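Examination of the molecular architecture
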Amino acid sequence: MKTTLLATILDPHHLSVRFQPIFLVRGESKQLHCLEALIRGPRRTNFERADVLFDYVRRKRAEALVDQSCVVAICDAVMNLPPEIRVNVNVHAATLGHKPGFVEFFHSQAKRRALALDRFTIEIVEHAPTCNIPGLLDGITALRDLGVRIALDDVGLGQSNYRMMLDCHPEYFKLDAYFVRGLTADPKRRAVVESVATLAKALGSSVVAEGVELNQDLALLGRMGIELVQANLLCPALPLEDLVAEGLVPGAMDMSSPSPARALGNPSPHAFELEAAKPFAVAARPPS
Amino acid sequence: MAEKILIIDDDEQLSNAYKEYLCSLGYQVDCAQEVEEAETLLAHFSYSVVITDLRLSKLGFGGLDLVRHIRELALKTRIIVVTGYGWPELKAEASAQQVDAFVKKPTRLSDLAKTIGSLAETV
């Protein structure tokens, strides 16, 4: 039987998870604040790269289904982390807009692995204008009721606009790298970043600066009151075993031992879970 | 650096046969089974030659849409259509979309390679 690329991606076993630390930076000290879980596609394919993978997923309009697959892969990976470490998970706004599927699915996946929901932050990505805003807001409320924090990704770009900032009440603004790179040398960028920092403070949110490339920019961000930083300059996205080897995740599961995820002994639990996700499967694209 | 070729055909077995043969000749080959997969690859990677079937699903001639898409993107990609359909109107449409070569299926692998080689000579 022919296996399409989408079917391959919908099997979480074909996805891998990397984690990039978000640090609390104060002067010379940096402390792990949380980890962002980042999905990579099937190994040794062009779709291993996240930008290629999710471009394909959006063209297939399969965000909701793939987000579920990612949640399964991430929850399995998070089982190897110490319980005090918080984890960010990317979810498309369109997925959250589909009621009531995603939040319940996420809840059930965490519950079956005994993962506390209050260690998760959902990063809302790709808020397409066509997204079901009332549904999205209901989804956010339901997540908050479960103790999940909310982050707005790519602030400053595309649909991450003032309305989303007001409506979603995110705990975190993830400031896109576009505004952060070359901050010190560019007064206009500095003005934008300062305005976001002021706005976040007024709204009771914290700013996470992404993509910092220079130490001088890092220092300037600190002077602006932006202390949360996610950047390759500090640490790239790495497989968990590499983070452990770097000493960045003390207390993480020894990756050479059988993982609790594997110990669940459910060789194909995901088939059932993806099946259960049918209520918010998106309509197939018209034939080309 | 090896020339990159993208093969688009929903017949995975056939694509793999093309791929194996063309790789043995030194080309770097990617395969896509559907339009969205091909569009994604074209958006992120550069190919000197695209070889596409015209019928990419049971429902229609998605390959022609893809050819249009490539031309709209103004990519400097040579396009070879490989199809079992010899319908004049399809040939005319492919020609209107500035397809570089039209190859009737079934084709010998060596003939396909010759077609690719001849396109390279005309660059």
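Now for a look at the structure at hand. (Residues numbered from 1 in each chain as written. Chains lettered and ligands numbered in written order. Predicted model: local features only at pLDDT ≥ 70, side-chain atom pairs only at ≥ 80, totals over all residues.)

1. Here we look at the overall build of chain A
Helix and strand counts for chain A stand at 13 helices and 8 strands. When each of the 288 residues of chain A is scored for burial, the buried share is 40%. Of the contacts made within chain A by residues no fewer than 6 positions apart, 66% connect residues no fewer than 24 positions apart. (Helix = DSSP H or I, 4+ residues; strand = E, 2+ residues; numbered from the N terminus. Buried ≥ 20, exposed ≤ 12 C-beta atoms within 10 Å, placed from the backbone. Contact = placed C-beta atoms within 7 Å.)

2. Looking at the overall build of chain B
Scanning chain B from terminus to terminus reveals 5 helices and 5 strands. Compactness check: chain B gives a C-alpha radius of gyration of 13 Å against a globular reference of 14 Å for 123 residues, within 12% of the reference. A principal-axis box enclosing the C-alpha atoms of chain B has dimensions of 35 × 30 × 30 Å. The 123 residues of chain B split such that 38% are buried. Contacts spanning at least 24 positions in sequence make up 59% of the contacts within chain B whose residues lie at least 6 apart. (Rg over C-alpha atoms; globule rule 2.2 N^0.38 Å.)

3. What to know about the environment of A:Glu36
Residue and element names in this part refer to chain A. Assignment of secondary structure puts Glu36 in strand S2 (residues 29–40). Sequence-wise, Glu36 and Gly222 are 186 residues apart; in three dimensions their C-alpha atoms are separated by 21 Å. Apart from residues lying up to four places away in sequence, Glu36 is in contact with Phe19, Gln20, Ile22, Asn88 and Gln230.

4. Some points on the sheet that holds strand S5 (residues 101–104) of chain B
Residue and element names in this part refer to chain B. Taken together, 5 strands build an open sheet; the order of strands is S2-S1-S3-S4-S5 and the sheet is parallel. This sheet does not close on itself; its edge strands, each paired only once, are strand S2 (28–32) and S5. Mean inter-strand twist for the sheet, computed between neighbouring axes without regard to direction, equals 20°. Across the face of the sheet, helix H1 (residues 12–24) comes into contact with strand S1 (4–8), S2 and strand S3 (49–52) while running at roughly 170° to S2. Lying over the sheet, helix H2 (residues 35–44) contacts S1 and S2, oriented at roughly 140° with respect to S2. (Pairing = 2+ DSSP bridges. Axes fitted to C-alpha atoms, helices over the stretch in contact; angles between N-to-C directions.)

5. Side note on the interface of chain B and chain A
Interfaces are frequently sized by the accessible area removed from exposure as the parts join. Chain B puts 18 residues into the contact, and the matching count from chain A is 12 residues. Within the residue set of the side of chain B that touches chain A, elements represented by two or more residues are H2 and helix H3 (62–72) of chain B. For the side of chain B that touches chain A, the element with the most residues is H2(B), which contributes 8 residues.

6. A short note on the nonpolar core
Counting residues in each nonpolar core, the largest one holds 78 residues, and the members touching the most others are A:Ile74, A:Ile124, A:Leu175, A:Val207, A:Ala209 and A:Val229. The element that contributes the greatest number of residues to this core is helix H3 (residues 63–78) of chain A, accounting for 11 residues. Beyond its immediate sequence surroundings of up to four residues, A:Val207 is in contact with A:Phe173, A:Leu175, A:Val196, A:Ala197, A:Ala200, A:Ile226 and A:Leu228. Grouped together as the second largest cluster of nonpolar side chains are 30 residues, B:Val29, B:Tyr47, B:Leu66 and B:Ile79 included. (Core = buried A, V, L, I, M, F, W, Y, C linked by C-beta atoms within 7 Å.)

7. With respect to the packing of H3(A) against helix H5 (residues 101–112) of chain A
Residue and element names in this part refer to chain A. H5 packs onto H3 with a crossing angle of 15° between their chain directions and a minimal axis gap of 10 Å. On the basis of their axis angle, the class for H3 and H5 is roughly parallel. Handedness of the crossing formed by H3 with H5: right-handed. The segment H3 lies against H5, with Ala64, Asp67, Gln68, Val71, Val72 and Cys75 engaging Phe102, Phe105, Phe106, Gln109 and Ala110. Here the contact of H3 with H5 is composed, by residue class, of 8 nonpolar, 2 polar and 1 charged. (Parallel < 35°, antiparallel > 145°, perpendicular 65-115°, else oblique. Left-handed = near helix turned anticlockwise from the far one by under 90°. Nonpolar A, V, L, I, M, F, W, Y, C, P; charged D, E, K, R; others polar.)

8. A short note on unusual backbone geometry
Following B:Lys105, the chain continues into B:Pro106 via a peptide bond in cis, with omega recorded as -10°. Tracing the backbone shows B:Pro106 in the loop between S5 and helix H5 (109–122). Within the chain, A:Arg44 stands out as a residue other than glycine whose phi angle is a positive 60°. With respect to the secondary-structure elements, A:Arg44 resides in the loop between S2 and helix H2 (50–59). When the 5 C-beta atoms within 10 Å are taken as the criterion, A:Arg44 is described as exposed. Phi at A:Ala114 is positive, roughly 60°, even though this residue is not glycine.

9. As for the environment of A:Phe23
Residue and element names in this part refer to chain A. Along the chain, Phe23 falls in strand S1 (residues 16–26). Sequence separation between Phe23 and Val229 is 206 residues, and the spatial gap between their C-alpha atoms is 5.3 Å. Excluding its chain neighbours within four sequence positions, the residues that come into contact with Phe23 are Lys30, Gln31, Leu32, His33, Val229 and Leu234.

10. Observations regarding the sheet that holds S2(A)
Residue and element names in this part refer to chain A. Read around the closed barrel, 8 strands run S1-S2-S3-S4-S5-S6-S7-S8, paired in mixed fashion. For this sheet, the mean angle separating the axes of adjacent strands, direction not counted, is 30°. Across 4 bridges, the pairing between strand S6 (residues 172–175) and strand S7 (residues 206–210) is parallel. Looking across to S7, one finds that Lys174 is bridged to Val208.

11. Remarks on helix H10 (residues 215–223) of chain A
Structural remark: α-helix, 3.6 residues per turn; residues separated by three or four positions point the same way. Residues and elements named next belong to chain A. Listed in full, the buried residues belonging to H10 are Asp217, Leu218 and Leu221. All buried residues of H10 project into a common sector of 105° when viewed along the axis, lining one side. In H10, the exposed residues that point more than 90 degrees away from the buried face are Asn215 and Arg223. If you follow the buried residues of H10, they end up packed against S1, helix H8 (177–180), S7 and strand S8 (228–230). (Arc of directions from axis to C-beta.)

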